[in-house]
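Report on the structure
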Amino acid sequence: MSGSGTPRDGAVSRDGDYERAGLAGQLAPGTSPALLLVDPARAYVDPDCPLYAGVEPAVDAMKALLAGARRAGIPVVVTRVRFRADGGDGGVFFRKVPTLRVFAEGSPYGDFIDGLAPTADELTVTKQYPSAFFGTSLAAYLTVNRVDTVLIAGLSTSGCVRATALDAMQHGFVPVVVEEAVGDRDPGVHAANLFDIGHKIGEVWPIGQAMEYLAGRGERP
């Protein structure tokens, strides 16, 4: 995992311990990436919503990353959460997290954040569970389009982003989580999940590295 500033002693110690345990492998990204924006929903940026998370800086980074992906001409997938009014299609997840009612049909909080809605040519994946792969056709879509690497951005780091990164790896795609373009309501939880993703699931890149990678795909001015 990349980061800014000087690591604290505790962070250095953790990194060393993980390396000694053999948890320091790296995945090389492939040559056929896609961008996956996970749940860029109004719920997380509207202070009137109980799920408001104060993740506006991550949203700005998501917009920059989306623009870079579009210039590069790579596939773009944007996910959204939608439930029936009674939450019956959310199963145990809806029972465990009752505030998911804000994503019920008819609620404005499930709408895309301005500037992060997919175009008509981009894939929208509607889901009811944390992973963008669970119960959806996402894996088949990526396979048909010969995608080997998934750049992941979105909300929230400890929930749907982590679950999606894990399933991307399990489906054989290299997951690259873009550090500044994901967010969570708790900075400590956010950092811990990025650390764990970077050591056990995929790669965690700063946005500058992700943008360079996209530029190498032949961005158009």
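A brief structural summary. Note that the structure is a prediction, hence the values are computed from the model and not measured.

What to know about the overall build of the protein
Within the protein one finds 7 helices and 6 strands. When the elements of the protein are put in sequence order from the N terminus, they spell out α-β-α-β-α-β-α-β-α-β-α-β-α. The globule rule puts the C-alpha radius of gyration for 221 residues at 17 Å, and the 17 Å found for the protein is close to it. C-alpha atoms of the protein, sized along the principal axes, occupy 50 × 40 × 30 Å. Out of the 221 residues in the protein, the part that is buried amounts to 48%.

Some remarks on the environment of Gly 115
Take Gly 115: it is sitting in the loop between helix H3 (91-96) and strand S3 (123-127). Setting aside chain neighbours within four positions, we find Gly 115 in contact with Lys 63 and Leu 66.

Examining the side chain of His 190
Secondary-structure assignment places His 190 in helix H6 (residues 187-200). Beyond its immediate sequence surroundings of up to four residues, His 190 is in contact with Thr 157, Glu 179, Val 182, Gly 183 and Asp 184.

Re the nonpolar core
In terms of nonpolar packing, the biggest core is built from 41 residues, with Leu 35, Leu 37, Tyr 44, Met 62, Leu 65 and Phe 103 touching the most fellow members. Elements that contribute at least two residues to this core include exactly strand S1 (33-38), helix H2 (56-72), strand S2 (76-81), strand S4 (149-155), strand S5 (174-183) and helix H7 (207-215). Tallying contributions element by element places H2 first for this core, with 8 residues. If you look at the next biggest cluster of nonpolar residues, it comprises 24 residues, including Leu 138, Ala 139, Val 147 and Val 204.

A closer look at H6
The end-to-end C-alpha separation of H6 is 20 Å, in line with the 20 Å expected for 14 residues at 1.5 Å each. Capping of H6 at its N-terminal end is provided by Asp 186; its side-chain oxygen lies 2.8 Å from the backbone amide nitrogen of Gly 188.

Quick notes on unusual backbone geometry
A cis amide bond links Leu 155 to the next residue, Ser 156, at an omega of -10°. Turning to its location among the elements, Ser 156 is positioned in the loop between S4 and helix H5 (157-170). If you check the backbone angles, Asp 39 has positive phi at about 50° while not being a glycine. For Arg 146, which is not glycine, the phi torsion reads 60° and is therefore positive. Tracing the backbone through its elements, the reader meets Arg 146 in the loop between helix H4 (138-144) and S4.

Let's talk about the pairing of S2
With 5 of 6 residues buried, S2 is to be regarded as a mostly interior element. Two elements, S1 and S2, share 3 bridges in a ladder whose sense is parallel. Residue pairing in the sheet places Leu 36 in a bridge with Val 77 of S2. In terms of handedness, the path from S1 via H2 over to S2 forms a crossover that is right-handed. In this sheet, S3 lies alongside S2 in parallel orientation, the contact comprising 5 bridges. Across the sheet, Val 81 pairs through a bridge with Lys 127, a residue of S3.

Parameters at a glance
- Residues numbered from 1 in each chain as written.
- Predicted model: local features only at pLDDT ≥ 70, side-chain atom pairs only at ≥ 80, totals over all residues.
- Heavy atoms only, no water.
- Helix = DSSP H or I, 4+ residues; strand = E, 2+ residues; numbered from the N terminus.
- Rg over C-alpha atoms; globule rule 2.2 N^0.38 Å.
- Buried < 20%, exposed > 50% of the residue type's maximum accessible area, 1.4 Å probe, protein only.
- Contact = heavy atoms within 4.5 Å.
- Core = buried A, V, L, I, M, F, W, Y, C linked by side-chain atoms within 4.5 Å.
- Expected span 1.5 Å × (residues − 1).
- Polar contact = N/O pair within 3.5 Å; in protein donor to acceptor, adjacent residues only side chain to side chain.
- Pairing = 2+ DSSP bridges.
- Right-handed = clockwise from strand over helix to strand, strands pointing away.

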